[in-house]
Amino acid sequence: MPETSCPVAATIAQLDDILQSSRLTKPKSRRIAEELHELLEDIAWGRAGEDHMPAIEALIQELSGDQSDPNSDQVAKAVQSAIKDHREVFFSHIDTHNCETGACIKLAPAPCQMACPAGIDIPTYVTLIGHGRDGEAIDIIRRDNPFPWVCGLVCTRPCEFMCVRGRIDAPVSIKFLKAFTAERAFSTHQYRNPEKQPDNGHKVCVVGAGPAGLTAAYYLALKGYRVRVIEALPMAGGMMMVGIPRYRLPREVIDREVALIEDLGVEFIFNTRFGKDVTFKQLKEEGFEAFFIAIGAHKSFKLGIPGEKDFPQVIDAIAFLRAVALGERHIPGKRVIIIGGGNVAIDAARTCLKMGCDDVTIAYRRTRKEMPADEEEVEQAEEEGVKFSFLTIPVEVVGENGHVTALKCNRAEMVTQTDTARRVPVPVLGGEFFMEADAIIPSIGQVVDHEALKALPDLKWTRRGTINVEMANMTTSMEGVFAAGDAVLGPATVIEAIGGGKKAADAIDRYLSGIPQPKMPPVPVRRARTPWLEVPASTKMILKRPEMPLLGIDRRRTTFQQVELGYSENMAREEARRCLRCDICRRCGECVRVCRDEMKIDALQLGYLDFDHPVKTDFRLTEERCITCGACAKNCPNEAMQIEDRENERVLSLCGTILNRQKLVFCEKCHAVLGPAKYLDYIRKMTGGIAQMSGGHALCEKCARQKIAAFDTLTPPGSG
Amino acid sequence: MPFRRGQHVEIYRKSEDESWEEYMDQYIGCHGIITDPDTAKNDPTALIEVSLNEKGTHRFPQDCLRVIES
C-alpha cells in the first residue's frame, strides 16, 4: 500500500502513538516530542523551510540527553533512525512540497474545512449535531475557533460557498447549525473550556480585544502563557461589539464567549490605549516577551467634500455604530442620508430606522448591481423601509446655523473606462440636485489608525496602510511583535481575524519555544473521524435547506432584537443529514469510472464531483441500474463507498447515503450467500454457459459442482 | 470589473502587488470562488477573499484574478 510507505507519515504516526501512550511520562520529554511532532507535521503538509531539519535534529539531541525520562533516549533513536534511513525523502518533502506516495495528503480536509479561514473541522461537528451531540460539536469547533456562537450569527461563511452539497441543490446551512449547537450547548451546560496546560512562566501582551486578539489570547492561555489584553474601549469584543449591530449579534453572545476566555486566566485592561496610557517600554520592563497587535481598522475614510467638517450632524458610520453599541439611543436626525454601498452602510441605515428616524436613504454613486453589500442585507434593509438613491455622487454638505439641511449631489452615469474595462460613475452635466437631510453618515470604508502604533517606529506598513506581516506566520518587521486581523488585512471578516489570531498564537508559541516559523499557511487539522449518519438516497435528495425564521417586520423596524430567530431542533438535526461528508469521500471519481468504463453499468450519477462544471446528481437513480457488484467500493481509495451484506440484503452506501439495497439470494442447498438477483443475472450473462449448468437452481459454486458431478466429490471413494 | 461574491475565478498569474508572497506561486492556475469581495467601496486595489478549491481561503490582489464561466 503506497499510503504506508512514506517515512514522514510513518514517523508522525509513530510519534502519535508515543504521545497517546504513557511511554514518555516526564513533562520535558513530552514537550520535546510534541515539538518534534509539530515540525514533522509541517514537513508532511509542505509548510517546512530550511530551518526545520536542523531544528528537528537539535530536538532529537535534546530528547536523547534527557536523563529524567527512561524512554526518551529510545524515542529519540526511533525518530533519528527514520531520518537517517530516509533523509532524502524528508528533504524532498521540504523542497518540493510533495509526497510521492500520496500518504501525506491522505487526510486532506474537506472543501468546507479548507475554505474556513480558521480551519474548523466542519464535517465532524455537523455530523455530531446530526447525532444530537452538541457538547462534543462545540468542543470540536473550539479547537479552532473560540467563538462558535458569534460566528454562527455573523460569519460570512466561505465554507458554504465551497460546500459540495451546493453543487447539487443548496449548501448545508453550516453557519446556522453552528449557532444552534452553540446555543444548545450553553443552555444544557455542555459549553466548557478545555483543560489548559500548566503555567509556563512566559508573558504575552495582546493589544486589542477584538476577534483576532481574543482568539490569540485564548490559544496562548490554553498553552500555559500568561496573557494580558489591553483594550482602548470599555469592553471586549472590538468590531464584533461596536461595529456589528445588536440585531445581528446580541451582546450577551459576545459576553458569554469572552467570559470563557477570561476564565482561562486572561487578564483584561480596558480603557487603556497602547502607546499612550501604557508604553511598549513599560510592558517590556514588566516582563512581556512577545506582543500581538490586533487593533483593527476603526478609522473612517473622509468624503473630502465641502461642509463635511462643519457640522456635528455629519458622523462617520463606524463612530455612529460605536456610539449606539455603547448605549446612544437618540436619533442622529429625522431625515438621515447614509453615503456608501457596503455592509457598514446597510448596518448604519437599519440602525437609524430602529432608533426611530423617519426617513433613511442610502446614497450610492453606482447602481444596485455594483453595490458591494450582501444581497440578503440589502433585501432585509429594503423590507424594513430603507430607501436607496443610486447613481448619486455627494458634492457638498449644506446647512445653516450649525445644522445640516441637505446634501448637494450630482447625478451620475456609468461609463466604461477604455484602458481597464472598468465601469466608473461619471457626473452628468447639469445633474445637480439636493437631498434634504438632518444628518449625514458617510460609510466609505475604514483604515488602520497609525497614531495608535507610533510607539512601534520599526513596524513596517504596506501601501494600503496596514501592518506588513508574513501571512504564513503573522510575524512583523519587529522581532517578538506579531499582528493579525483588520490591522493587517484592512476591513475584513470576523472569521479571518479569528484565523489570523490562531496563526499568531502558534507563531508566538514557536517564537518563545525557539522553534522555526512555518513558511506556508497552516493546513487545517482533522479533529476526529466521526461515523457518518446513515440516510436513504431519497431522503438525502428530498431534504431541503431550511429557511431561517425571522422576527416580525414591525418589531424588526422598531427594536434591536435579534432578527434571525434560529433553527428549531428538528430543523438542525435534519439539516445535518444533508452533509455529504467530503472529509471521507474526496471526489476522485474512481467509483464512477469503474462502474461506467470497466463494468459498463453506469449506475452512479454523481455530477457534483466536478468543481467547475457540476452536472446533475441524483443518488436515487443508482438503484435503477446498480447490480451491487461492489466494484465501486473495491476501488474506492478512502472506503467512502461501502458494500456490505446485512441479514437478507446487500447494501451499497456512499458516506452513509444508502444508494442501493437489494434482497440477497441464498444457495438452495447450503444457504450460502449468492448475491442479489440482479447481480446473479449479470454474472449469468457474462458466463452464460457455466451458469446454465446449475439447471436454473440457485446454487453456490460448490453445491452446483456437486449437483452436476457424476459422483459425490466430497466423500472419498470407498469411505461409505 | 468589480468582483462579486460567489463568482468562480482563476488565479491566472502572479500579482505584481506587494502583498503577493512566495508561497502563493503554487496557487497559480487554481480555481476558486470569491467569498468576500471589497464590501466597502469597490476598490480595485483592495485585497479580496477567495476560497480556492482544495487550497484554502486567502486574500489576493485583484490583478491576478479572472472570472471563469461556472
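Here, the structure is the one placed above.
This text gives an overview of the structure that appears in the document.

On to the overall build of chain A, then. Per the secondary structure count, chain A includes 29 helices and 19 strands. Its C-alpha atoms give chain A principal-axis dimensions of roughly 125 × 65 × 55 Å. Taking all 720 residues of chain A together, 55% fall into the buried category. In chain A, 68% of the contacts between residues at least 6 apart in sequence involve partners at least 24 apart. By element, 51% of the accessible surface of chain A is carried by carbon and sulfur atoms, the whole surface being about 31600 Å². For chain A, the distance from the average position of its 92 positive side-chain charges to the average position of its 98 negative side-chain charges is 3 Å.

Taken together, the contacts link 42 residues of chain B with 43 residues of chain A. Taken over both partners, the interface formed by chain B and chain A buries close to 3300 Å², and the fraction arising from carbon and sulfur atoms is 49%. At the boundary of chain B and chain A, one finds four salt bridges. Residue A:Arg463 is joined to B:Asp17 by a salt bridge in which the shortest nitrogen-to-oxygen separation is 2.6 Å. At the junction of chain B with chain A, the criterion picks out eleven residue pairs in polar contact (both at pLDDT 80 or more). Counting only elements with at least two residues in the side of chain B that touches chain A, the list comes to strand S2 (31-36), strand S3 (48-52) and strand S4 (56-60) of chain B. Sort the elements by how many residues they give to the side of chain B that touches chain A and S2(B) lands first, with six residues. The residue makeup of the side of chain B that touches chain A, split by class, is 13 nonpolar, 16 polar and 13 charged.

Next up on the list: the sheet that holds strand S14 (residues 481-483) of chain A. All names here are of chain A. With parallel pairing, five strands are arranged side by side in an open sheet as S3-S2-S1-S4-S14. Of all the strands in the sheet, just strand S3 (267-269) and S14 have a single pairing partner and so form its edges. Going from strand to strand, the sheet's axes swing by 20° on average, the running direction of each strand aside. Pairing of strand S2 (residues 226-230) with S3 involves three bridges; the strand directions are parallel. Bridged to valine 229 within S3 is phenylalanine 268. Helix-sheet contacts for helix H12 (residues 211-222) involve strand S1 (203-207), S2, S3 and strand S4 (288-293), and the interaxial angle to S2 is about 165°. Against the sheet, helix H20 (residues 494-513) engages S1, S4 and S14, with an angle of about 160° to S4.

Next up on the list: the sheet that holds strand S11 (residues 423-436) of chain A. All names here are of chain A. On the basis of which strands lie adjacent, the open sheet formed by three strands has the order S9-S10-S11 and antiparallel pairing. Either end of the sheet is taken by a strand with one partner, and the two such strands are strand S9 (392-400) and S11. Across this sheet, the average inter-strand angle for adjacent strands is 20°, counted without regard to direction. For strand S10 (residues 403-416) and S11, the ladder comprises ten bridges, and the chain directions are antiparallel. Bridge assignment links lysine 408 to a residue of S11, and that residue is phenylalanine 434.

Looking now at the environment of A:Asp144. Residue and element names in this part refer to chain A. Tracing the backbone through its elements, the reader meets aspartate 144 in the loop between helix H8 (134-142) and helix H9 (148-154). Taking the relative accessible area as the measure of exposure, aspartate 144 reaches 1% and is therefore buried. Separated by 23 residues in sequence, aspartate 144 and aspartate 121 place their C-alpha atoms 8.0 Å apart. Discounting chain neighbours no more than four positions away, the residues touching aspartate 144 are Ala118, Gly119, Ile120, Asp121, Tyr219, Ile498, Lys502 and Arg527.

Residues and elements named next belong to chain A. Core analysis: the largest hydrophobic core is formed by 141 residues, its most contacted members being Tyr125, Phe292, Ile293, Phe619, Met641 and Leu654. In this structure tyrosine 125 touches Ile120, Ala137, Ile140, Ile141, Ile174 and Lys178, once residues within four positions along its chain are discounted. Residues Ile43, Ala55, Ile56 and Leu63 belong to the second largest nonpolar core, which totals 29 residues.

Glancing now at the environment of A:Cys655. Residues and elements named next belong to chain A. Within the element layout of this structure, cysteine 655 appears in the loop between strand S17 (649-654) and strand S18 (657-666). Judged by relative accessible area, which is 2%, cysteine 655 ranks as buried. A C-alpha to C-alpha distance of 51 Å links cysteine 655 and proline 442, two positions 213 residues apart in sequence. Beyond its immediate stretch of four places on either side in the chain, cysteine 655 contacts Trp532, Leu533, Leu580, Arg581, Ile584, Cys585 and Ala640.

Right, let's get into the packing of aromatic side chains. All names here are of chain A. Under the criterion given, the structure shown has 13 aromatic pairs over all chains. On the basis of an interplanar angle of 75° and a centroid distance of 5.5 Å, the ring pair of phenylalanine 176 and tyrosine 567 is categorised as edge-to-face. Separated by 391 residues along the polypeptide, phenylalanine 176 in helix H11 (residues 174-187) and tyrosine 567 in the loop between helix H22 (553-558) and helix H23 (569-576) bring together distant segments of the chain. The pair formed by phenylalanine 176 and tyrosine 567 is uniform in burial state, with each residue classed as buried. For the cation-ring pair, arginine 411 lies above phenylalanine 433, with the distance from its terminal atom to the ring centre recorded as 4.3 Å.

Our next topic: the side chain of B:Glu49. Tracing the backbone through its elements, the reader meets B:Glu49 in strand S3. Put simply, B:Glu49 is tucked away with no salt bridge, and the nearest opposite charge, on B:Arg59, sits 4.5 Å away. Here the side chain of B:Glu49 touches B:Thr35 through a polar contact of 2.8 Å, side chain to side chain. Look past the residues within four positions of B:Glu49 in its chain and what remains in contact with it is A:Pro117, A:Pro158, A:Thr493, A:Glu496, B:Ile33, B:Ile34, B:Thr35, B:Asp36, B:Thr57, B:His58 and B:Arg59.

A few words now on the pairing of S17(A). All names here are of chain A. For S17, the buried fraction is high: five of the six residues fall into the buried class. With six bridges joining them, strand S16 (residues 641-646) and S17 adopt antiparallel strand pairing. The residue bridging isoleucine 643 from the neighbouring strand is leucine 652, located in S17. Two strands pair when backbone bridges link them, and S17 and S18 are joined in this way by six bridges, in the antiparallel orientation. Considered in S18, the bridge of leucine 652 is made with asparagine 660. Counted along the chain from S17 to the antiparallel partner S18, the turn is two residues long, and its residue cysteine 655 has a positive phi close to 45°.

Another point: the environment of A:Ile60. All names here are of chain A. Along the chain, the position of isoleucine 60 falls in helix H3 (residues 52-64). Isoleucine 60 gets classed as buried once you look at its relative accessible area, which sits at 2%. Separated by 144 residues in the primary sequence, isoleucine 60 and valine 204 place their C-alpha atoms 28 Å from one another. Every residue in contact with isoleucine 60, bar those within four places of it in the chain, is listed here: Leu36, Ala76, Val79, Gln80 and Ile83.

As a further point, take the packing of helix H1 (residues 7-20) of chain A against helix H4 (residues 72-85) of chain A. All names here are of chain A. Direction vectors running N to C along H1 and H4 enclose 170°, while the axes themselves pass 10 Å from each other. Taken together, the axes of H1 and H4 are roughly antiparallel relative to one another. Taking contact as the criterion, the partners of Thr11, Gln14, Leu15 and Ile18 in H1 are, on H4, Val75, Ala78, Val79 and Ala82.

Cut-off values and rules
Residues numbered from 1 in each chain as written. Chains lettered and ligands numbered in written order. Predicted model: local features only at pLDDT ≥ 70, side-chain atom pairs only at ≥ 80, totals over all residues. Heavy atoms only, no water. Helix = DSSP H or I, 4+ residues; strand = E, 2+ residues; numbered from the N terminus. Buried < 20%, exposed > 50% of the residue type's maximum accessible area, 1.4 Å probe, protein only. Contact = heavy atoms within 4.5 Å. Areas by Shrake-Rupley, 256 points an atom, 1.4 Å probe, with all protein chains shown as cover. Lys, Arg positive; Asp, Glu negative; His and termini not counted. Charge placed at Lys NZ, Arg CZ, Asp CG, Glu CD. Buried area = accessible area lost by both parts, 1.4 Å probe. Salt bridge = Lys/Arg side-chain N within 4 Å of Asp/Glu carboxyl O. Polar contact = N/O pair within 3.5 Å; in protein donor to acceptor, adjacent residues only side chain to side chain. Nonpolar A, V, L, I, M, F, W, Y, C, P; charged D, E, K, R; others polar. Pairing = 2+ DSSP bridges. Axes fitted to C-alpha atoms, helices over the stretch in contact; angles between N-to-C directions. Core = buried A, V, L, I, M, F, W, Y, C linked by side-chain atoms within 4.5 Å. Phe/Tyr/Trp six-rings, centres within 6.5 Å; stacked < 30°, edge-to-face > 60°. Lys NZ or Arg CZ within 6 Å of the ring centre and 35° of its normal. Parallel < 35°, antiparallel > 145°, perpendicular 65-115°, else oblique.

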